[in-house]
Amino acid sequence: MAAASAPPTQRPARRFRRPSVIPGFGLTFGYALTCLTLIVLLPLAALVAKASGIGLSGIVEVARDPRVASALRISFGVSLVAALVSSVFGFLVAWVLTRYRFPGRKVVDAVVDLPFALPTAVAGIALASLYAPTGLVGAQLAKLGIQAAYTPVGIFIAMVFIGLPFAVRTVQPLIAEIDKEVEEASATLGATRLATLTKVVLPPLVPAVLTGFALAFARGVGEYGSIIFIAGNLPYVSEIAPLLIVIKLSEFDYGGAAAIATIMLGISFLTLLAINLIQAWSRRRFGYV
């Protein structure tokens, strides 16, 4: 008599609600969704509704305005470059603060958080005074033929200043979790320092680096106070999109201001969505889910 075939193994169904230390899924989920709707979704919906008053053709016309296009290009282009630089230097700063012990390390670690607590207007005035042609650093740069203040270079400096803490704080905890024995094992197996860095150290840090990059980019795009003092606000040269929104509001052109804000919202959403997709891919690629 033939042996009865074993029933096929069934994979456990993925549960929507998982056990949690905080009880009451319905209450907590509803509270979180309500707060998200009131604080984030409703203001954004109101912004889009205000911009829709001039119609899609009006929004396109605003976007095609040379001054608006230049401001958007400066805001997003400089933010992208500044976020890349902040990610690189943020990783280096986080590595030094985590892996090395030196006098004054705690002071340096605290200084990293200063841009979080410093009012943006104060930061802008300080940067403008420092990098102006008559400033301490600006005078030295002027001798080299470089003008930092009142140019896109000044905008870049301000964006790196406000974006660096995001890049440092997102990577620093993960660097602390990497066991040094893993690096020692890699060296024992004959791997070079470059191979250990690219194949052992960096893979688990890629998602955190991308997160810091996204945060620095988002902060740079929306920054206003620390930039207007050092930018010079010259149309087609160093005028950022947030300043153009303020100018539109001062001229009582609420539809134009809402249109520029909506365009920025759409570009920011698509950019951050792409970054999140790359981040999710990197987690799957390197096995860190």
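As a convention, each chain's residues are numbered from 1 in the sequence order in which they are written. Since the coordinates come from a predicted model, pLDDT governs what is reported: local features require at least 70, and pairs of side-chain atoms require 80 or more to be given and counted, while whole-chain, interface and lining totals use all residues. Hydrogens and water molecules were not included; the side-chain quantities draw on all heavy atoms of the structure.

By the naming in an unreviewed UniProt entry, the protein is Sulfate transport system permease protein CysT, taken from Methylobacterium organophilum. Heading Subcellular location (unreviewed entry) of the UniProt record for the protein holds this comment: "Cell membrane". UniProt positions are given in the numbering used here, feature names are shortened, and annotations may be inferred rather than shown by experiment.

Asks: Account for the confidence of the model for the protein, naming residues and giving values.
Replies: pLDDT gives the predictor's per-residue confidence on a scale running from 0 to 100. Chain-level pLDDT for the protein is 85 on average; 90% of the residues reach the 70-or-more range. The lowest-confidence element of the protein is helix α9 (residues 180-188), averaging 78 in pLDDT; the highest-confidence one is helix α3 (residues 66-99), averaging 94. Elements are defined by DSSP. Helices are runs of H or I of four residues or more, strands are runs of E of two residues or more, and each kind is numbered from the N terminus.

Asks: Mind laying out the nonpolar core, listing which residues take part and the relevant values?
Replies: Most often, soluble globular proteins keep nonpolar side chains buried together rather than apart. Grouped together as the largest cluster of nonpolar side chains are 24 residues, with contacts concentrated most on Val68, Leu72, Phe76, Ile245, Ile260 and Met264. Contributing elements (two or more residues each) for this core: α2 (55-64), α3, α11 (206-222), α13 (241-250) and α14 (254-286). Broken down by element, the residue count for this core peaks at eight residues, all from α14. A contact between two residues is defined here by any heavy atoms of the two lying within 4.5 Å. Leave out the neighbours within four places in its chain, and Phe76 touches Phe217, Val221, Met264, Ile267 and Ser268. Residues enter a nonpolar core if they are buried and are Ala, Val, Leu, Ile, Met, Phe, Trp, Tyr or Cys, with the set joined through side-chain atoms within 4.5 Å. Summary of the burial criterion: residues with accessible area below 20% of their type's maximum are buried, those above 50% are exposed, and those between are partly exposed, where the area comes from a 1.4 Å probe applied to protein chains only.

Asks: Any chance you could break down the UniProt feature "transmembrane region" (unreviewed entry) in the protein for me, citing the residues and the numbers?
Replies: Residues annotated in UniProt with the feature "transmembrane region" (unreviewed entry) correspond here to residues 21-48, 74-98, 110-132, 144-168, 200-218, 224-247 and 254-278. With 100% helix and 0% strand, residues 74-98 has end C-alpha atoms that lie 35 Å from one another. Strand forms 0% of residues 110-132 and helix 78%; the C-alpha atoms that close the span are 27 Å apart.

Asks: Outline the UniProt feature "domain: ABC transmembrane type-1" (unreviewed entry) in the protein, supporting the account with residue identities and numerical values.
Replies: Mapped onto this numbering, the UniProt entry annotates "domain: ABC transmembrane type-1" (unreviewed entry) at residues 72-275. Helix makes up 78% of residues 72-275 and strand makes up 0%, while its end C-alpha atoms are separated by 19 Å.

Asks: Residue-level account of the packing of helix α6 (residues 120-131) against helix α8 (residues 152-177), with values.
Replies: For the pair α6 and α8, the least separation of the axes is 11 Å and the interaxial angle reads 135 degrees. Judged on the interaxial angle alone, α8 and α6 are oblique. Remark: the crossing between α6 and α8 carries right-handed chirality. On α8, the residues that touch Ala123, Leu127 and Tyr131 of α6 are Ile157, Ala158 and Phe161. Residues are grouped as follows: Ala, Val, Leu, Ile, Met, Phe, Trp, Tyr, Cys and Pro are nonpolar; Asp, Glu, Lys and Arg are charged; every other residue, Gly included, is polar. Its residues assigned to classes, the contact of α6 with α8 shows six nonpolar, no polar and no charged. Only the stretch in contact is used when a helix axis is fitted, and all axes are lines through C-alpha atoms; the angle between N-to-C directions ranges over 0 to 180 degrees. When describing relative orientation, an angle under 35 degrees is termed roughly parallel and one over 145 degrees roughly antiparallel, while 65 to 115 degrees is termed roughly perpendicular and anything else oblique. Two helices cross in a left-handed way if the nearer one is turned anticlockwise from the farther one by less than a right angle. They cross in a right-handed way if the turn is clockwise.

Asks: Give a detailed account of the packing of aromatic side chains, specifying residues and quantitative values.
Replies: Ring geometry is summarised as follows: Phe, Tyr and Trp rings, the Trp one being its six-membered ring, pair when their centres sit within 6.5 Å, and such pairs are stacked at plane angles under 30 degrees, edge-to-face over 60 and tilted between the two. The full count for this structure, using the stated rule, is five aromatic pairs. Ring centres of Phe116 and Phe166 lie 5.0 Å apart, and the angle between their planes is 85 degrees; on these two criteria the pair is classed as edge-to-face. You can see Phe116 sitting in helix α5 (residues 114-117) and its partner Phe166 sitting in helix α8, a full 50 residues away along the chain. On the accessibility criterion, Phe116 (40% relative accessible area) is partly exposed. Measuring from centroid to centroid gives 6.4 Å for Phe213 and Phe217, while their planes differ by 15 degrees, and the two rings are stacked. Of the two residues, Phe213 and Phe217 are both situated in helix α11; the distance of four residues between them amounts to about one turn of the helix. The exposure class assigned to Phe217 is buried, which follows from its relative accessible area of 3%.

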